Amino acid sequence: MKTRKNYISYIRFISTFMIIFYHFSCALIFYKSDAFCLFYDYANGRFGRVGVALFFMISGSGLLLSSENGFKLGQYYKKRWHKIYPMFYLCWVPLYLLLAWKNDGFLFRGHAWKFLFTLLGMDGYFDTTIRNYYIIGEWFLGALIIIYLIFPILRRIFCSKARNLFTIVLFVLCVVNDQVPFWYLPDREWIGYDIFAFWIGMYLVVLEQEVCKRKWILCINAALIFLALFVPLPIEFNCDLQVLLLSMNLYCLIMGISSCFLKRDVPSCIHWVNHRSYPIYLIHHMIILFFMESFASRISDRNEIAVLVFLVGFMLICAAILYRIEKWMEKIYYKKFGKSSNF
């Protein structure tokens with residue numbers, strides 16, 4: 001169990017910064033088309049998609065591991081709510097009030113019924129289809145909420161004899177969707193890919209021992225990662241499946257390295273960041289955009305890394321403050337209701 005927690009911590013840390021660096025590069029491209037973007041893409045895709053896929057995978061692994069000693073449906077949904085929405089509203093409300101004040105009205109993006117998307121945490125996922133009050137977070141939060149809702153079903157299938165068949169079905173659907181798109185929201189990846197990434201994370205928990213004890217598998221993982229990052233594929237290939245394959249190899253490599261060479265406890269600095277990774281996900285994009293709107297013209301190739309380091313530091317400070325406020329809210333809840341809120 002300790003090794004499993006270790007590799008999940010390392011992957012969470014890596015995926016967090018991979019997404020931050022990618023969105024920083026996206027902002028540079030938007031505001032400065034001639035900017036040098038080190039963290040934007042690799043030979044066959046974009047780093048942001050890989051970070052998101054890794055995040056879905058560790059979510060699948062983490063939920064499966066947490067349900068090993070029993071699973072109660074009511075407690076599961078209650079804990080998911082407490083994990084997602086208090087921090088989401090804590091970040092969203094002050095920014096909404098600020099934008100409402102700047103735009104001279106509370107309904108600055110249309111009808112009040114559009115608040116439903118925000119109340120459910122689905123605003124980012126549906127924003128390109130229905131313009132709503134999306135302010136913080138990323139589109140993949142909505143996809144993750146959908147997967148959390150159906151996790152009890154996924155878990156039941158995973159624990160049944162239909163596990164392998166369901167894996168094949170998911171793979172076939174992803175291949176078919178590349179040729180004949182269906183169930184698709186504009187500018188948002190098909191939810192099937194995210195479910196498949198989540199499912200891969202569940203599956204890799206079961207395969208952990210097999211992967212880690214065979215060093216040649218780790219060598220193959222490393223070779224495939226190198227090829228994907230630096231050698232353009234000579235054939236047209238499904239981008240989403242390629243991202244999933246690269247992410248799966250990265251996951252296995254980190255899992256193996258953690259098992260073979262990083263047997264000590266995860267460094268406290270990584271734990272510190274991981275405990276605050278959710279508020280970081282929620283606010284990092286807005287911090288980058290606010291900064292770029294004012295200072296993009298002053299960023300050059302020479303100071304790009306320095307600016308990124310400054311922004312990351314500022315994000316960590318904001319995330320730490322939000323984390324403390326949430327813990328204070330939890331303490332008040334505990335005193336009032338006499339039991340832990342499981343925030």
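Residues numbered from 1 in each chain as written. Predicted model: local features only at pLDDT ≥ 70, side-chain atom pairs only at ≥ 80, totals over all residues. Heavy atoms only, no water.

### Topic: the overall build of the chain
For step 1, the next point in the chain: The helix and strand tally for the chain stands at 14 helices and two strands.
For step 2, the next point in the chain: Against the 2.2 N^0.38 benchmark of 20 Å for 343 residues, the chain shows a C-alpha radius of gyration of 21 Å, consistent with a compact globule.
For step 3, the next point in the chain: In terms of overall dimensions, the chain has C-alpha extents of about 60 × 55 × 45 Å along its principal axes.
For step 4, the next point in the chain: Within the chain, the fraction of its 343 residues that count as buried is 50%.
For step 5, the next point in the chain: Across the chain, contacts joining residues at least 24 apart in sequence account for 78% of those joining residues at least 6 apart.
For step 6, the next point in the chain: Across the chain, the centroid of the 35 positively charged side chains sits 13 Å from that of the 21 negatively charged ones. (Helix = DSSP H or I, 4+ residues; strand = E, 2+ residues; numbered from the N terminus. Rg over C-alpha atoms; globule rule 2.2 N^0.38 Å. Buried < 20%, exposed > 50% of the residue type's maximum accessible area, 1.4 Å probe, protein only. Contact = heavy atoms within 4.5 Å. Lys, Arg positive; Asp, Glu negative; His and termini not counted. Charge placed at Lys NZ, Arg CZ, Asp CG, Glu CD.)

### A closer look at the packing of aromatic side chains
For step 1, the next point in the chain: In total, this model carries 38 aromatic pairs according to the counting rule given.
For step 2, the next point in the chain: Ring centres 5.5 Å apart and planes at 85° place the aromatic pair Tyr96 and Phe115 in the edge-to-face group. Of this pair, Tyr96 sits in helix α3 (residues 73–102) while Phe115 sits in helix α4 (residues 115–119), and the two are 19 residues apart along the sequence.
For step 3, the next point in the chain: Cluster of aromatic residues (ring-pair linked, three or more members): Phe55, Trp113, Phe117, Tyr125, Phe126, Trp139, Phe140 and Tyr281.
For step 4, the next point in the chain: One residue, Arg163, lies across the ring of Phe158, its end atom 4.1 Å from the ring centre. (Phe/Tyr/Trp six-rings, centres within 6.5 Å; stacked < 30°, edge-to-face > 60°. Lys NZ or Arg CZ within 6 Å of the ring centre and 35° of its normal.)

### Structural notes on the environment of Asp123
For step 1, the next point in the chain: In this fold, Asp123 is placed in helix α5 (residues 123–126).
For step 2, the next point in the chain: Between the alpha carbons of Asp123 and Glu138 there is a distance of 8.9 Å; along the sequence they are 15 residues apart.
For step 3, the next point in the chain: Ignoring any residue separated from it by four or fewer positions in sequence, one finds Asp123 in contact with Phe88, Trp92, Phe117, Thr118, Asn132, Tyr133, Tyr134 and Ile135.
For step 4, the next point in the chain: There is a polar contact of 3.0 Å between the side chain of Asp123 and the side chain of Thr118. (Polar contact = N/O pair within 3.5 Å; in protein donor to acceptor, adjacent residues only side chain to side chain.)

### Some remarks on the confidence of the model for the chain
Segments scoring low in pLDDT should not have their predicted coordinates read at a detailed level.
For step 1, the next point in the chain: Counting all residues, the mean pLDDT for the chain is 88, and 91% of those residues have values of 70 or more.
For step 2, the next point in the chain: Taken element by element, the chain is modelled with least confidence in helix α9 (residues 208–212), mean pLDDT 84, and with most confidence in helix α6 (residues 139–158), mean pLDDT 95. (pLDDT = per-residue confidence, 0-100.)

### A word on helix α12 (residues 268–275)
For step 1, the next point in the chain: Within α12 the residues assigned to the buried category are Ile270, Val273 and Asn274. Each buried residue of α12 sits inside an arc of 100° when the element is viewed along its axis, so together they form one side. (Arc of directions from axis to C-beta.)

### Overview of the nonpolar core
For step 1, the next point in the chain: The biggest cluster of nonpolar side chains holds 108 residues, and the ones touching the most others in it are Ile136, Tyr251 and Leu282.
For step 2, the next point in the chain: The residues contacting Ile136, other than those within four sequence positions of it, are Phe88, Cys91, Trp92, Leu95, Leu282 and Met286. (Core = buried A, V, L, I, M, F, W, Y, C linked by side-chain atoms within 4.5 Å.)

### A look at a nonpolar patch on the surface
For step 1, the next point in the chain: There is a patch of nonpolar side chains on the surface, built from Trp216, Ile220, Leu224, Phe226, Leu227, Phe230 and Val231 and spanning about 720 Å² of accessible area.
For step 2, the next point in the chain: With respect to the secondary-structure elements, Leu227 resides in helix α10 (residues 215–230).
For step 3, the next point in the chain: What makes Leu227 partly exposed here is its relative accessible area of 43%. (Patch = residues over 30% accessible without salt bridge, like charges linked within 9 Å, V, L, I, M, F, W, Y side chains within 5 Å. Areas by Shrake-Rupley, 256 points an atom, 1.4 Å probe, with all protein chains shown as cover. Salt bridge = Lys/Arg side-chain N within 4 Å of Asp/Glu carboxyl O.)

### A few points about the environment of Arg80
For step 1, the next point in the chain: Within the fold, Arg80 resides in helix α3.
For step 2, the next point in the chain: Residue class for Arg80 comes out buried when judged on its relative accessible area of 15%.
For step 3, the next point in the chain: Along the chain, Arg80 and Ser247 lie 167 residues apart, while their C-alpha atoms are 25 Å from each other.

### Focus: the packing of helix α2 (residues 47–66) against helix α8 (residues 191–206)
For step 1, the next point in the chain: Orientation of α2 relative to α8, taken along the N-to-C sense of each, is 50°, at an axis distance of 7 Å. Considering the angle they form, α2 stands oblique to α8. Considering how the two elements wind past one another, α2 and α8 form a crossing that is right-handed. Across from Ala53, Phe56, Met57, Ser59, Gly60, Ser61, Leu63, Leu64 and Leu65 in α2, the residues of α8 making contact are Asp194, Ala197, Phe198, Ile200, Gly201, Met202 and Val205.
For step 2, the next point in the chain: Grouping the constituent residues of the contact of α2 with α8 by class yields 11 nonpolar, four polar and one charged. (Axes fitted to C-alpha atoms, helices over the stretch in contact; angles between N-to-C directions. Parallel < 35°, antiparallel > 145°, perpendicular 65-115°, else oblique. Left-handed = near helix turned anticlockwise from the far one by under 90°. Nonpolar A, V, L, I, M, F, W, Y, C, P; charged D, E, K, R; others polar.)

### Structural notes on the pattern of salt bridges
Two side chains with opposite charge may pair up if their charged atoms get near one another.
For step 1, the next point in the chain: Counted by the stated rule, this structure contains four salt bridges.
For step 2, the next point in the chain: With its nearest N and O atoms 3.2 Å apart, the salt bridge here joins Asp127 to Arg131.
For step 3, the next point in the chain: In this structure, Glu210 engages Lys213 in a salt bridge whose closest nitrogen and oxygen atoms are separated by 3.6 Å.
For step 4, the next point in the chain: What makes Glu210 partly exposed here is its relative accessible area of 35%.

### Here's the deal with the environment of Ile257
For step 1, the next point in the chain: Looking at the secondary structure, you find Ile257 in helix α11 (residues 239–260).
For step 2, the next point in the chain: Residue class for Ile257 comes out partly exposed when judged on its relative accessible area of 33%.
For step 3, the next point in the chain: Taking the C-alpha atoms as reference points, Ile257 and Leu73, separated by 184 residues in sequence, lie 35 Å from one another.

### Focus on the side chain of Arg80
For step 1, the next point in the chain: Buried charged residue Arg80 carries no salt bridge. Nearest counter-charge: Glu326, at 11 Å.
For step 2, the next point in the chain: The residues contacting Arg80, other than those within four sequence positions of it, are Leu63 and Tyr148.

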